[in-house]
Amino acid sequence: MFVTVVRESNRLAALVYYEECRVDISIAQKSVEVMLKEVYRSDMTPMEFAKANYQLNRYRPTGITWELMLSSEFKASDN
């Protein structure tokens, strides 16, 4: 399983979990909710998920950054 950690102005904004073609979004800041729902769908192939992550780069000018991690690495990092 993978986790995309989304930050807004260096603060945790959302976690996007991906496992077996299923996407689950956990929102920490409401300001990113609409944006993430435009980028991700609940059912995505691995390639679609990778492309969706890449699409987040267009939000960098607004302070959005992202990092893809294995879920086991995320749990160990205490983000």
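Everything discussed here concerns the structure shown above.
Parameters at a glance
Residues numbered from 1 in each chain as written. Predicted model: local features only at pLDDT ≥ 70, side-chain atom pairs only at ≥ 80, totals over all residues. Heavy atoms only, no water. Helix = DSSP H or I, 4+ residues; strand = E, 2+ residues; numbered from the N terminus. Rg over C-alpha atoms; globule rule 2.2 N^0.38 Å. Areas by Shrake-Rupley, 256 points an atom, 1.4 Å probe, with all protein chains shown as cover. Lys, Arg positive; Asp, Glu negative; His and termini not counted. Charge placed at Lys NZ, Arg CZ, Asp CG, Glu CD. Phe/Tyr/Trp six-rings, centres within 6.5 Å; stacked < 30°, edge-to-face > 60°. Pairing = 2+ DSSP bridges. Axes fitted to C-alpha atoms, helices over the stretch in contact; angles between N-to-C directions.

Trainee: Could you clarify how one ought to interpret the overall build of the chain in this entry?
Mentor: A count of helices and strands for the chain gives 3 helices and 4 strands. The C-alpha atoms of the chain give a radius of gyration of 12 Å, which matches the 12 Å a tight globule of 79 residues would have. Total accessible area computed for the chain in this model is approximately 5000 Å², and 53% of it derives from carbon and sulfur atoms. Seen as two clouds, the 10 positive and the 11 negative side-chain charges of the chain have centres 5 Å apart.

Trainee: Sorry, what's going on with the packing of aromatic side chains here?
Mentor: Given two aromatic rings, their pairing is described by the distance between the two centres and the angle made by the two planes. Here the structure, examined in full by the defined rule, presents 2 aromatic pairs. Ring centres 5.9 Å apart and planes at 40° place the aromatic pair Tyr40 and Phe49 in the tilted group. The rings of Tyr18, Tyr40 and Phe49 are connected pair by pair, giving a single aromatic cluster.

Trainee: Whenever I open this one, the sheet that holds strand β4 (residues 64-70) confuses me. Can you help?
Mentor: Working definition: the strands of a sheet are paired by backbone hydrogen bonds and lie parallel or antiparallel to each other. One open sheet accounts for 4 strands, arranged β3-β2-β1-β4; its pairing is antiparallel. Looking at strand neighbours, the two that pair on one side only are β3 (22-27) and β4, the edges of this open sheet. On average, adjacent strands in this sheet sit at an angle of 20° to one another, irrespective of strand direction. Alignment of strand β2 (residues 11-19) against β3, held across 6 bridges, turns out to be antiparallel.

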